[in-house]
Each structure stands twice: as structure tokens, then as C-alpha cells.
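The residues making up each chain are set out below.
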Amino acid sequence: MAETRERPPEPFTLRLRRYDPSSGEAPYWDEHTVELEPHRSVLEAILQARDRFDGSIGIRCSCRQAICGSCGVRINGEPALACHTHLDEAKGSARGGVIEVEPMGNMPVLKDLIVDMDAVHWKKIRRVTPWLLPKQPVPEREYLVPREAMVDVTQTMACIQCGACVSDCLSMEVDPGFIGPAALAKSYRFVGDPRDDEQYTRLNDLAQDPQGIFDCTHCFKCVEACPKDVNPMGQIMRQRRIATSDHHIKDPNNGKRHEAAFTSLVRDNGLLWEAELLPRSYGGNSWWGKFAPAAGKELLSSLPAIVKALLRRKVTPGAALKPHRIPPADRKSVQSIYDTIEGREKRVELNLYIVGEDEDVASAAKEATDGATATVGAPSAADTATGPEETAAPEPAGESDGGGEQ
Amino acid sequence: MKVAYWPGCVSRGFTPELHGSMAKVAPLLDIELVELDRGSCCGAGVIAEHNQELADTLNARTFALAQQVDGAELMMNICSTCQGAQSECQERLDANAEYRSQVNSTLAGEGLSYERGLTNKNFLWLLVEEIGLERLRAQVKQPLTNLKVGPFYGCYIVRPRNRLGIDEEHPRDHYLEMLIEALGGTVIKYAGMRKCCGFPIITMNKEASLKQAGRHLGDAADADADCLVTPCPLCHLNLDLQQPLAERAVGRELRMPVLHLPQLVGLALGLAPSELGMSRHVVRPSSVIDWSAAVVAAAA
């Protein structure tokens, strides 16, 4: 670090996206060259440009140390905190060495790099009832929460509300009404809290909403965007899991039916039978599902695609009516795996955020041959999630005082 | 090279041309495919959504079968979604010995056991990292000159970067562009090339799903692509099979052919579109077939 501080200032060119909706003018690009040490942040460069060249540049910022979440922007097309991105790093990923800074996506621009967080982000956060609804009567003494459970919700509590995940959400891009990654991660903070008494109500609400937990398209964009490793998509998936597997919540969005149809088709055949999956997702998880009115309606609306697929022999009636299967002995093995695991009293989940990875994993990864599967010993392993259920894990590695709300 | 070959479900179901073209292309590249025909569905994230241990155990079983293939250098898949879902399960299995042994105890009845450290690569990664673009370039018989190809990665093979081992040394999120160039084609860049095809929500929010597919196809058309190429058969379903519906969702004609990765490689290695199952696509790849006919005629 000392070494980098000694590097002298050098020129960095910023290309800023400027827009003032009240002007009636179209957005435009504005370039400024500033001189700063390479370890300084993109935010410092923007502020220098504002101080020295154009006082009208709009940027929101406060703490300048990646805690307040105010300076979320897009740098070279990728979501980032301006205060948490070094200039040399930004220049390295810039086209032609010019650092492009744009406002975040999926939210209206108020001015230049400032977006309207109230109109989108905060409105969605409020949608998920972001406060604890404790069991009544509230205990007189402090409520001690198991350590694992507290470490678990700590992951979502790490959110600094910067909006980077909202900015990059691909479901929101086509469906702005989607509750979205930040708010659904916030929802898990209470769904996963053993002191909250409304787990079922919360999940039922989010399952019934057509733009709730089942509207996430599983693209991992929010996982990548988050500067604090909150793993919003993982939090959404575990809420689906608790809603469908633990509470057996049925929903009008085909969420539960799709999961049930998929899981049982693989149990029966070893492989997925696509022709049967779609009608069952709409009509119900049995062979008769395809005759339900909802499945018929879906079939009709998909006719243009189905007819073409049949004409091109992409899908033959024989293949559609008959599942592809693995050999009978292997089907039996698969079914016995289902029986063993589904017969457990509690679902077993490994949450790497809580337990970390075995110490030798990282060193094993280093020794692995070039390009050996990256999953071995990947350094960030917080993508997996568990409910507050039993984990198959040894002592938690995370820090928690085990008791308090933060 | 010999690989334990995991074709996945969809390549043997609704996209048989993918499995078929892989079988045609493999011998041309000296890849011996030992099919894991006893393995089960990777779960595509949906089984994990139901029960994580179940998904991990089913995939551990497939990995264990792959590790039993004598002389295989690694496991190879031809489906991005399998790559992503299997990598997620493998991350947990490899990270924790106690968990791994619990999973293995469920497999013990069958005499199977997964040992940490399997290498599982999508065909795209294998092409670039094992075969190498130089060697591939030398084997090209029919360079894709003047064919404008838009890469479509989908999600599972580019995110999350850490889990998938994407770094400066392994720019796996740029391999499609590198490959298209090595095969002699022209890379068309467009906004949606690393975005979601929408398939995972096709039964939950059909309109949003088709809008996603339609927008990316439209962006590629506006960028003047002749066709797209994808390493993911599920993306193929939303981009090709559902394209007639996606056209309605975005209110414009699209007519964008979408090729599977082995089909594009096969073309450059001298196979004819008909040998690669291109007549089976919902959107007939006329631009590609015309291009191929013109190249063959010019050579004659």
C-alpha cells in the first residue's frame, strides 16, 4: 500500500454521462481530464472535475468509504461504488483508456449521475415490511438468537442500500414492477430471523404477488453487482425453498407447480421430460395436468411455436409423448436418493457464508492444473444459502455476538 | 482426448440437433465422447430450489460416474445451465469434507463416491483451453468468412465469475468472440449478448420472459447479425423455439437464426448445414445455409 501511495499523480480522462431532465435537452457525454494518484477513487476524480471545471456536475456522495451506499454508478458499463473503485483499476477496464461513468439503470435520472432512489429502490424496500414483527408476548429478558441464525441474516444486513443490484436486474429491465433483488434480500433478513413471527405471512405475500419471489429470472446479475456480498439471488431462491418446501405455499404464478413438476419428473425418469413439464407447470403436477383449463389455455397461446416445432421435426409427437429416461437400475438409484433425502426430518443445507470452506480448499485450488474447474476453491463462496434449518456444518466461522439486533 | 461426456436433458429432448451435431464434430477434433448415460438431470437450479442436498447428491452421483470413466481427462458438458448448476453443487461438495462425506454416504448403496476436484468444462471452455484456438484454426476447412455471428452466452456460463473461474488468465466470458474469430467469422457485438434469455421465468411470467428474448434478438438484428450462436440449449429454446411468440411480445419481425455451438464449429470444419441438424430449427437458418451454399459453390 505504501508503494502505491508513492506513485505520483497522473492524468485520468473521465467521460461522464450528463443529463438534466428539466432542460429539455437530450443526455450527452462530457469529458474532463484530472490529475490524481492512481490509487485515488473515481469519486475523487469526479469531485475534482466538479471543483475545477464544471460546478454543475451532479453526483451524490457522503462517506467516501463504501459504507453509506450513496455513490452507486456504472463505471465502464459495470455497477460500482465510485468511492470504492480505484482510478488505475477503472482505467484498466476502460475502452481506449477513458473511464466512462453513467448513472445506474432501472431508475429515473434526476440529474447526471444521480438517480431517483425514492421512486424505485425505497418504494420496493417498503413493500416487504422491512421491520421485525416479533412473537407476542415479547419476552421480558433479551431474546437469545442461535449464533448460526444471526450470522445467516447478517449477510443480508450487510446491504448498504446502494441500489447496484436494482440497477443491473434483468427482470426489472423488462418488468419494472418486479419487487427486485434489494427488497427481496431485505425480506430474507426478517424471514430468516427466528424472532420474527410472520414467516408464513411474509412468504405467502411474496409468492402470491406476480412480481414477487417467482419473478426472478436467475441471472446472477445482482450477485455480481453487489459490493457487499449480500447475494440477493441466493436470498430469493432460499425464500422460494422455504415457501414451497416448508410451508407448501401454492401460488397463482406456477412457482410451486413448476418446482414440483420438475422435481417429480426427474424422480420418475432420471431426466427432464420437457414436453410434460410445461403443461404440468400450468395445470398441476400429474399426468392429468395437461387437461386442466390453465394448461389448455397455455397450449393455445403457444400454438404458433408448437406448430412450427412439429413441422420442422424439432419436436416429434413420439418424443413429446414418451419421456427420455435413464436405465431402470439407475432410475431406482435416483429414486432411492430422493427417498433418503426427502425422508429426513429437516432439510440439510450447507451455507458457506456461515461455515466458510475447509482450510485446504484454497491451497488445493492453487495446486490444481491450469483452468481446472474454477469451482474448486473459489474464493467467494457466499452464494449458497440456507434457511435457519439445521446445517450439516461444523462450527460457524462468522462473527456474531449471538444476541443482538444491529 | 477422452472425456466423460455429459449431454444434459434438453440436448436429448427438445434440441436433438445439439447432441447430434456434437457427435459429428467430436471425431473431427479427436475428442472421444464417453457418454454418461446413467447420470441424472443437473436440476437446472430448480431442484436446488426445492432441496439443496438433493441437487448436490444427484450431481455428486453424476460426478462420481464421470470419475469412473477409465482414461477420461475430464468431464465435458454441452449445456451452460448444466455447467452453472453443477458448478454450484460442486462448490459446496468441494468446500466441506463433512458435507461431502454425508452426500457420499447416500451414494454408498450404489458403490459410488465423489472425490473432490473433478474438472467439468463446457465444450466452449474445452475448445479454447484444451484444444486451443491455434490448433482449431489449423483444422478449419471452411472459414466463416463474411458470416456475421452474434455471441449469446446466457447467464450460467458467465456469472458468478469467481465460481466459474473467470479471470484475466481465463477470460471465459470472451471465449465466444475469440472462437468466432478463430473460425474466420465476424463477431457482432450487441447489448444482450451476456444478458438473460428469459427462459427460467417462461412459466412464471411469460410476457417478461418473451420480452427478454425478443429484445436481445432485436438488438442482434439491428447490429446486422446473420445468426447467433449459444452454448446453452435452454437459451436456444427461448430464442429459437419461442421466437414466433417473442416476435409478438416485442411487436416486430425478428427472423434471427440461433445456432448451437457445435453447429457453428461443425460448419467451419467443413460439415454441411443438413448434417448439423439445422433443418430442425424453428427459425430456419437461411442466412447460414445460403452462406454455406455460396462458399461450397465458389470452391467447386
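Conventions adopted
Residues numbered from 1 in each chain as written. Chains lettered and ligands numbered in written order. Predicted model: local features only at pLDDT ≥ 70, side-chain atom pairs only at ≥ 80, totals over all residues. Heavy atoms only, no water. Helix = DSSP H or I, 4+ residues; strand = E, 2+ residues; numbered from the N terminus. Buried < 20%, exposed > 50% of the residue type's maximum accessible area, 1.4 Å probe, protein only. Contact = heavy atoms within 4.5 Å. Phe/Tyr/Trp six-rings, centres within 6.5 Å; stacked < 30°, edge-to-face > 60°. Lys NZ or Arg CZ within 6 Å of the ring centre and 35° of its normal. Pairing = 2+ DSSP bridges. Axes fitted to C-alpha atoms, helices over the stretch in contact; angles between N-to-C directions. Parallel < 35°, antiparallel > 145°, perpendicular 65-115°, else oblique. Left-handed = near helix turned anticlockwise from the far one by under 90°. Core = buried A, V, L, I, M, F, W, Y, C linked by side-chain atoms within 4.5 Å. Buried area = accessible area lost by both parts, 1.4 Å probe. Salt bridge = Lys/Arg side-chain N within 4 Å of Asp/Glu carboxyl O. Polar contact = N/O pair within 3.5 Å; in protein donor to acceptor, adjacent residues only side chain to side chain. Nonpolar A, V, L, I, M, F, W, Y, C, P; charged D, E, K, R; others polar. Expected span 1.5 Å × (residues − 1).

Draft legend 1. Structural view of the environment of Pro143(B). All names here are of chain B. Secondary-structure assignment places Pro143 in the loop between α7 (133-139) and β5 (148-151). We classify Pro143 as partly exposed; its relative accessible area is 39%. For the pair Pro143 and Asp219, spaced 76 residues apart in sequence, the C-alpha separation works out to 25 Å. With residues near it in sequence (within four places) discarded, Pro143 still touches Leu183 and Trp291.

Draft legend 2. Main features of the packing of aromatic side chains. What the rule picks out here adds up to 5 aromatic pairs over all chains. Measuring from centroid to centroid gives 5.9 Å for Trp288(A) and Phe291(A), while their planes differ by 50°, and the two rings are tilted. Judged by its relative accessible area of 54%, Phe291(A) falls in the exposed class. Three or more aromatic residues joined by ring pairs form one cluster here, namely Trp287(A), Trp288(A) and Phe291(A). One residue, Arg12(B), lies across the ring of Trp6(B), its end atom 5.3 Å from the ring centre. Over the aromatic face of Trp125(B) sits the side chain of Arg172(B), whose NZ or CZ is 3.8 Å from the ring centroid.

Draft legend 3. Up close: the sheet that holds strand β2 (residues 28-36) of chain A. All names here are of chain A. Pairing in this open sheet of 5 strands is mixed, and the strands run β2-β1-β5-β3-β4 from one edge to the other. Both outer strands of the open sheet, β2 and β4 (78-81), are each paired with one neighbouring strand and no more. Averaged over neighbouring strand pairs, the angle between their axes works out to 35° when direction is ignored. Contacting β1 (10-18), β2, β3 (72-75) and β5 (99-102), helix α2 (residues 42-52) runs over the sheet at an angle of about 105° to β2.

Draft legend 4. Here's a closer look at the pairing of β5(B). Residues and elements named next belong to chain B. Of the strand pairs in this sheet, β5 and strand β6 (residues 186-187) are connected by 2 bridges, and their pairing is parallel. Bridged to Lys148 within β6 is Thr186. As paired elements, β5 and strand β7 (residues 227-230) share 3 bridges and run parallel to each other. Across the sheet, residue Gly150 finds its bridge partner in β7, namely Leu228.

Draft legend 5. View of the packing of helix α17 (residues 328-342) of chain A against helix α3 (residues 52-67) of chain B. Between α17(A) and α3(B), whose axes approach to 10 Å, the crossing angle comes to 150°. It follows that α17(A) is roughly antiparallel to α3(B) by the angle criterion. In terms of crossing hand, the pair formed by α17(A) and α3(B) is right-handed. Contact residues: α17(A) offers Asp330(A), Ser333(A), Val334(A), Ile337(A), Tyr338(A), Ile341(A) and Glu342(A), while α3(B) offers Glu53(B), Leu54(B), Thr57(B), Leu58(B) and Arg61(B).

Draft legend 6. Representation of the nonpolar core. Of all hydrophobic cores here, the largest spans 79 residues; its most connected members are Leu29(B), Phe123(B) and Val265(B). Of the residues forming this core, the biggest block, 7 residues, is contributed by helix α6 (residues 123-131) of chain B. Apart from residues lying up to four places away in sequence, Leu29(B) is in contact with Phe123(B), Leu127(B), Ile131(B), Arg135(B), Leu136(B), Gln139(B), Val265(B) and Leu269(B). In this structure, Trp273(A), Ile47(B), Cys79(B) and Cys82(B) belong to the second largest nonpolar core, which totals 51 residues.

Draft legend 7. The interface of chain A and chain B, seen in detail. Across the boundary between the two partners, chain A contributes 88 residues, which contact 89 residues of chain B. Between chain A and chain B lies a buried interface of about 7600 Å² when both sides are counted; carbon and sulfur atoms form 57% of it. Applying the counting criterion to the chain A and chain B interface returns 7 salt bridges. The tally of links from chain A across to chain B stands at 33 residue pairs in polar contact (both at pLDDT 80 or more). By residue number, the principal contributor to the side of chain A that touches chain B is α17(A), which donates 8 residues. Residues of the side of chain A that touches chain B, tallied by class, amount to 42 nonpolar, 22 polar and 24 charged.

Draft legend 8. Molecular detail of α3(B). All names here are of chain B. For α3, with 16 residues, the first-to-last C-alpha span of 22 Å sits near the 22 Å given by 1.5 Å per residue. Judged by how many residues are buried, α3 sits mostly within the fold: 15 of 16 residues are covered. Its side-chain oxygen placed 3.1 Å from the backbone nitrogen of Glu53, Asn51 serves as the N-cap of α3.

Draft legend 9. The arrangement of the environment of Glu91(B) in detail. Residue and element names in this part refer to chain B. Of note, Glu91 is situated in helix α4 (residues 80-95). Here the alpha-carbon distance between Glu91 and Arg163, two residues 72 residues apart in the chain, equals 7.4 Å. Among the polar contacts listed, one links the side chain of Glu91 to the side chain of Arg163, at a separation of 3.3 Å.

Draft legend 10. Structural context of the side chain of Arg18(A). Residue and element names in this part refer to chain A. Looking at where Arg18 falls in the secondary structure, it is placed in strand β1. For Arg18, a relative accessible area of 3% translates into the label buried. Looking at Arg18, its side chain comes within polar contact range of the side chain of Asp30, at 2.7 Å. Polar side-chain contacts of Arg18 include one of 2.9 Å to the side chain of Ser56. Excluding its chain neighbours within four sequence positions, the residues that come into contact with Arg18 are Pro27, Tyr28, Asp30, Asp54, Ser56, Ile57, Lys111 and Asp112.

Draft legend 11. Summary view of unusual backbone geometry. With an omega of -5°, the peptide bond running from Gln136(A) to Pro137(A) counts as cis. Following Arg159(B), the chain continues to Pro160(B) via a peptide bond in cis, the omega torsion being -10°. With a phi close to 65°, Asn146(B) is a non-glycine residue in the positive phi region. By the secondary structure assignment, Asn146(B) is in the loop between α7 and β5. By relative accessible area, Asn146(B) is classed as exposed at 62%.

Draft legend 12. Local environment of the sheet that holds β5(B). All names here are of chain B. Taken together, 4 strands build an open sheet; the order of strands is β6-β5-β7-β8 and the sheet is parallel. The open sheet has two edge strands with one neighbour each: β6 and β8 (258-260). Pairing of β7 with β8, which is carried by 3 bridges, proceeds in the parallel orientation. Its bridge partner being in β8, Val229 is matched across the sheet by Leu259. Each of β7 and β8 touches helix α11 (residues 233-241); the most contacted strand, β8, lies at about 155° to it.

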